[in-house]
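Architecture at a glance
In case you want the letters, here they are:
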Amino acid sequence: MDEFELELEFESWEEHYDLYQQKDWPALVEYCESEVRRCPDDLHAAERLADAYLRNGDYDKAIEFSGKIHREEPDISSFQHRILDALRALGKSEDDFDWVVPPEIVRLTLEFADRCYEFLRPKRTPRSIYDLTSEVGCHKYCAFSDDDLLQFLSQDARFNVVGDSPVTADISVVRKSKSRTKA
């Protein structure tokens, strides 16, 4: 690779970023497809293409493309997650795909609420929805939206939820007040 090609490669993120910011999904798909053709072994480029397919509403293409990578690299969870996102968008479940390695999926259950509680209990400061999904979900596929999680925790008396947006809400556990009486 000569110096010019290296410079193009290094600055390629800028065009991707601009198209993403403009939400020009068809152009982003075209750009990502050309990037994958240029660097077919680049898994980051492949991941960006799978994401572009999803954003453009090309769910079948996202499943087909991510499925091909999943069969070659079954332990890379990001491609599993893209497949699951596309299946979900099509109204399907994880049972509608032939997995080489089945994905680990987190659902809104009492067990998940208990894990959130155990994570938050020793914390002195409230945490965000992002903290909960990344720490408690352990980077597994969360089969719910941030809004769903916020509403779910708001309905559990063990949690104190301040804010109504997943981006700004702070979540902590309800502390039992200690009564102070003079003897």
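Remember, predicted model here, so these are calculated numbers, not experimental data.

Before going further, it helps to examine the packing of helix 8 (residues 129-136) against helix 9 (residues 146-154). Helix 9 packs onto helix 8 with a crossing angle of 95 degrees between their chain directions and a minimal axis gap of 10 Å. Taken together, the axis directions place helix 8 and helix 9 in an arrangement best described as roughly perpendicular. Seen from helix 8, the contacting residues are I129, L132 and T133; seen from helix 9, they are D146, L149, L150 and L153. Here the residues of the contact of helix 8 with helix 9 are counted per class, giving five nonpolar, one polar and one charged.

Applying the stated criterion across every chain, the model contains five aromatic pairs. Aromatic side chains Y117 and F159 sit 6.2 Å apart centroid to centroid with 80 degrees between the ring planes, which places their arrangement in the edge-to-face category. One end of the pair, Y117, is in helix 7 (residues 110-120); the other, F159, is in strand 3 (residues 159-162), and 42 residues separate them in sequence. A relative accessible area of 6% means that F159 is categorised as buried.

Conventions we followed
- Residues numbered from 1 in each chain as written.
- Predicted model: local features only at pLDDT ≥ 70, side-chain atom pairs only at ≥ 80, totals over all residues.
- Heavy atoms only, no water.
- Axes fitted to C-alpha atoms, helices over the stretch in contact; angles between N-to-C directions.
- Helix = DSSP H or I, 4+ residues; strand = E, 2+ residues; numbered from the N terminus.
- Parallel < 35°, antiparallel > 145°, perpendicular 65-115°, else oblique.
- Contact = heavy atoms within 4.5 Å.
- Nonpolar A, V, L, I, M, F, W, Y, C, P; charged D, E, K, R; others polar.
- Phe/Tyr/Trp six-rings, centres within 6.5 Å; stacked < 30°, edge-to-face > 60°.
- Buried < 20%, exposed > 50% of the residue type's maximum accessible area, 1.4 Å probe, protein only.

Remember that the coordinates give geometry; whether it matters functionally is a separate question.
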